[in-house]
Amino acid sequence: MNDVIDKRFVEAMNKHFKELQPDTKFQLDKAALVHVLDQETSRRERLLLLNLLGSRFDTKLYSRQDYSVLRGVQCMGPVDYYREMPYVFAASDINLNISVKGIQSGVPQRAFDILASGGFLLSNYQQELVELFSYGEEMVVYESLEDAVEKCNFYLSNQELRGKIARKGRERVLTEHNMVDKIRYMMDVAEV
């Protein structure tokens, strides 16, 4: 999104907004506009993917937000992230991680939480995720909405393979990516 929005676009948006609200002093800047558009694009992609999955598979969503627009998705409401969500991750056949569009690097905490709970992780592609975990052996990534649906179909039909990948992902998190080791590493680096 950052590449698409230029200075002229931001100026045009501000001019249009000023026409709608002549008394305002509010001005958009590029960073704010990119952030809003990333958030909205991500929200729409999530809704689209959930609708696609809900039309084909038994799909549950745990969230505080109202997702009544979804069809075929069971909205389960919120659960406590620290006490209940690990059980949801472990009991779910497939756990989705759909990062916000503007996040170009890094691994979301949710991915670590899913894997540490013994859940099967299907995530959008993030470079660092495939650097830290073996694709197809410890987690799975998708590169388009169609790819996500195909991979859900494949892995829901292959319970043994799905279980093996989830176990290996959990093992990797517990042995190489646990909080204690990461904090020790940060402390060592800080001493340099």
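The structure under discussion appears in the preceding block.
The structure presented is a predicted model; accordingly, all values stated were derived computationally and were not measured.

Q: Would you explain the nonpolar core in this entry?
A: Nonpolar side chains in soluble globular proteins tend to be buried together. Formed by 16 residues in total, the largest nonpolar core has its most connected members in L49, F120 and L122. The contact partners of F120, leaving out residues within four places of it in the chain, are D93, I94, N95, I114, V140, Y155, R162, I165 and A166.

Q: Looking at this structure, I do not really get the pairing of strand β4 (residues 121-124). What am I missing?
A: Regular strands have side chains that alternate between both faces of the sheet. Pairing geometry for strand β3 (residues 95-97) and β4, over three bridges, is parallel. Considered in β4, the bridge of N97 is made with S123. Crossover β3 to β4 through helix α4 (residues 109-116) is right-handed. Relative to strand β5 (residues 140-142), β4 runs parallel, the two sharing three bridges. Bridge pairing in β5 links L122 to V140. Remark: the β4/helix α5 (residues 127-132)/β5 crossover connection has right-handed handedness.

Q: Can you help me understand the sheet that holds β4 in this one?
A: To summarise the sheet geometry, strands pair through backbone hydrogen bonds and adopt either a parallel or an antiparallel arrangement. Read from one edge of the open sheet, three strands run β3-β4-β5, paired in parallel fashion. The open sheet has two free edges, formed respectively by β3 and β5, since each of these has just one partner strand. Taking the axes of each pair of neighbouring strands and ignoring which way they run, one obtains an average angle of 30 degrees across the sheet. Relative to β3, α4 is tilted by about 160 degrees, and along the sheet it contacts β3 and β4. Its contacts with the sheet put helix α6 (residues 145-156) on β4 and β5, and the angle it makes with β5 is roughly 145 degrees.

Q: Would you mind showing me how to read the packing of aromatic side chains here?
A: To describe a pair of aromatic rings, you give the distance between the ring centres and the angle between the ring planes. Applying the stated rule across the entire model yields six aromatic pairs. Between F120 and Y155, the ring centres sit 5.0 Å apart and the planes meet at 45 degrees, which makes this aromatic pair tilted. Of this pair, F120 sits in the loop between α4 and β4 while Y155 is found in helix α6, placing the two residues 35 residues apart along the sequence. Accessibility classification places F120 together with Y155 in one group, the buried group. Taken together, the aromatic side chains of Y81, Y82 and F89 make up a single cluster linked through ring pairs.

Quick notes on the rules
- Per chain, residues are indexed from 1 in the order of the written sequence.
- Selection of residues for local features in this predicted model requires a pLDDT of at least 70, selection of side-chain atom pairs for listing and counting requires 80 or more, and totals for whole chains, interfaces and linings are taken over all residues.
- Working from all heavy atoms in the structure, the side-chain values ignore hydrogens and water.
- By nonpolar core is meant a set of buried Ala, Val, Leu, Ile, Met, Phe, Trp, Tyr and Cys residues that side-chain atoms within 4.5 Å join together.
- The buried label applies to any residue whose accessible area, calculated with a 1.4 Å probe on protein chains only, is under 20% of its type's maximum; exposed applies above 50%, and partly exposed to all values in between.
- Contact between two residues is taken to exist if any of their heavy atoms lie within 4.5 Å; hydrogens are not considered.
- In this scheme, strands are said to pair when DSSP sees at least two bridges between them.
- Runs of E in the DSSP output that reach at least two residues are strands. Runs of H or I that reach at least four are helices, and both are numbered from the N terminus.
- Assignment of crossover handedness uses the view with strands pointing away from the viewer, where a clockwise path from the first strand over the helix to the second indicates a right-handed crossover.
- Between N-to-C directions, angles span 0 to 180 degrees; the directions come from axes that are lines fitted to C-alpha atoms, helices contributing only their stretch in contact.
- Side-chain rings of Phe, Tyr and Trp, where Trp is taken by its six-membered ring, are said to pair if the distance between their centres is within 6.5 Å; with planes under 30 degrees apart they count as stacked, over 60 as edge-to-face, and otherwise as tilted.

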